[in-house]
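Here is how the chains run, residue by residue.
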Amino acid sequence: VKLASTTISSAVAQIAFDSSVITSTYDTYHVIFSGITSINSNDDIGMRASVDNGSNIINSVGNMHYSALTGSDNGRAYNRNWHVMGDDTEEDGTQEAGVTGMFTIFRANSTSHYKQVIGWGMTENSGTGGAYYGYRAYSVIPTSSALNYIKIFSVEGNNLDSGKATVFGVAT
């Protein structure tokens, strides 16, 4: 069920879905994002969550795998404390489409289990030559309290200046 959608029309610090959206109604949340860009190139875009409506943000534990769509570069990165949506994204929206993809949070309301997040993203990496990369990311949000807040942000602390994110509640 579509719960909320945010489109960035001017620079903002983050996209946030608060306790009016992330409630006890659903235990699984699916977020689709499209064209999210930062004001600076070479930014990583990520997701973090909270159990107290954003007052205290929880560091995730996770990793990501990447592979070039236009070459043979591939690899992985470990010990990320955010859920990776895209790395080294390009800020210029002329050819690049920002970071686009999706992630799903499982067990969001559990009071006895950590939350699991699985996602996919794609972006043109910063630099010349049109190096498009795909990402698979896996993370754990280490809390046994129910989540009530999700934020999408530039890991480097820059503003986001375009894109859209939509959150869905998944009945299980």
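Details of the structure are given in the entry above.
Rules used in this analysis
Residues numbered from 1 in each chain as written. Predicted model: local features only at pLDDT ≥ 70, side-chain atom pairs only at ≥ 80, totals over all residues. Heavy atoms only, no water. Helix = DSSP H or I, 4+ residues; strand = E, 2+ residues; numbered from the N terminus. Rg over C-alpha atoms; globule rule 2.2 N^0.38 Å. Buried < 20%, exposed > 50% of the residue type's maximum accessible area, 1.4 Å probe, protein only. Polar contact = N/O pair within 3.5 Å; in protein donor to acceptor, adjacent residues only side chain to side chain. Contact = heavy atoms within 4.5 Å. Pairing = 2+ DSSP bridges. Axes fitted to C-alpha atoms, helices over the stretch in contact; angles between N-to-C directions. Core = buried A, V, L, I, M, F, W, Y, C linked by side-chain atoms within 4.5 Å. Phe/Tyr/Trp six-rings, centres within 6.5 Å; stacked < 30°, edge-to-face > 60°. Lys NZ or Arg CZ within 6 Å of the ring centre and 35° of its normal.

Colleague: Outline the overall build of the protein, supporting the account with residue identities and numerical values.
Modeller: Counting secondary structure elements, the protein contains 0 helices and 13 strands. Its helices and strands in sequence order give the protein the pattern β-β-β-β-β-β-β-β-β-β-β-β-β, from N to C terminus. The C-alpha radius of gyration computed for the protein amounts to 15 Å, which stays within 12% of the reference 16 Å derived for 172 residues, consistent with globular compactness. In terms of its C-alpha atoms, the protein occupies a principal-axis envelope of roughly 45 × 35 × 25 Å. When burial is assessed residue by residue, the protein has 47% of its 172 residues classed as buried.

Colleague: Explain the side chain of Asn 125 to me, using residue names and the numbers behind them.
Modeller: Considering the arrangement of structural elements, one finds Asn 125 in the loop between strand 10 (115–124) and strand 11 (132–141). In terms of polar contacts, Asn 125 uses its side chain to reach the side chain of Tyr 135, at 3.3 Å. Beyond its immediate chain neighbours, meaning those up to four positions away, Asn 125 contacts Asp 87, Asp 88, Glu 90, Ala 131, Tyr 133 and Tyr 135.

Colleague: So what's going on with unusual backbone geometry? Residues and values would help.
Modeller: Positive phi values are uncommon outside glycine, yet Asn 53 reaches one of about 60 degrees. By relative accessible area, which is 34% here, Asn 53 ends up partly exposed. A positive phi angle is found at Arg 107, which is not glycine, with a value near 60 degrees. Here Arg 107 shows up in the loop between strand 9 (99–106) and strand 10. The partly exposed category is assigned to Arg 107, whose relative accessible area is 35%.

Colleague: Explain the pairing of strand 11 residue by residue, including any values.
Modeller: Walk down a regular strand and you will see the side chains alternate between the two sheet faces. Across 8 bridges, the pairing between strand 6 (residues 61–68) and strand 11 is antiparallel. Bridge assignment links His 65 to a residue of strand 11, and that residue is Arg 136.

Colleague: Can you tell me about the sheet that holds strand 13 (residues 160–170), naming the residues and giving the values?
Modeller: Each strand in a sheet pairs with its neighbour through backbone hydrogen bonds, running either in the same direction (parallel) or in the opposite one (antiparallel). Taken in spatial order, the 8 strands make up an open sheet running 1-13-3-9-10-11-6-7, and their pairing is antiparallel. Of all the strands in the sheet, just strand 1 (2–8) and strand 7 (74–80) have a single pairing partner and so form its edges. Pairs of neighbouring strands in the sheet enclose a mean axial angle of 10 degrees, with direction left out of account.

Colleague: Go over the nonpolar core with me, naming the residues and quoting the values.
Modeller: One finds Ile 36, Phe 103 and Ile 152 to be the most contacted residues of the largest nonpolar core, which totals 28 residues. Listing elements by their share of this core, those giving two or more residues are strand 1, strand 2 (14–17), strand 3 (28–38), strand 4 (43–50), strand 9, strand 12 (149–154) and strand 13. The biggest single contributor to this core is strand 3, with 4 residues. Setting aside chain neighbours within four positions, we find Ile 36 in contact with Ile 15, Ile 45, Met 85, Ala 97, Gly 98, Val 99, Ile 152, Leu 160, Ser 162, Gly 163 and Lys 164. Grouped together as the second largest cluster of nonpolar side chains are 9 residues, Met 64, Ala 68, Trp 82 and Phe 153 included.

Colleague: An account of the packing of aromatic side chains is needed here, citing residue identities and associated values.
Modeller: For the structure shown, the criterion picks out 3 aromatic pairs. Measuring from ring centre to ring centre gives 6.3 Å for Tyr 26 and Tyr 29, while their planes differ by 80 degrees; the resulting arrangement is edge-to-face. Each of the two residues, Tyr 26 as well as Tyr 29, counts as buried. Centre to centre, the rings of Phe 33 and Phe 103 are 6.1 Å apart; their planes meet at 40 degrees, and the pair counts as tilted. Here Phe 33, found in strand 3, pairs with Phe 103, found in strand 9; they are 70 residues apart in sequence, far enough to count as distant. Note on Phe 103: relative accessible area 0%, which makes it buried. Geometry around Phe 153 places Lys 151 over its ring, the cationic atom sitting 4.8 Å from the centre.

Without other data, these values stay purely geometric and don't point to any function.
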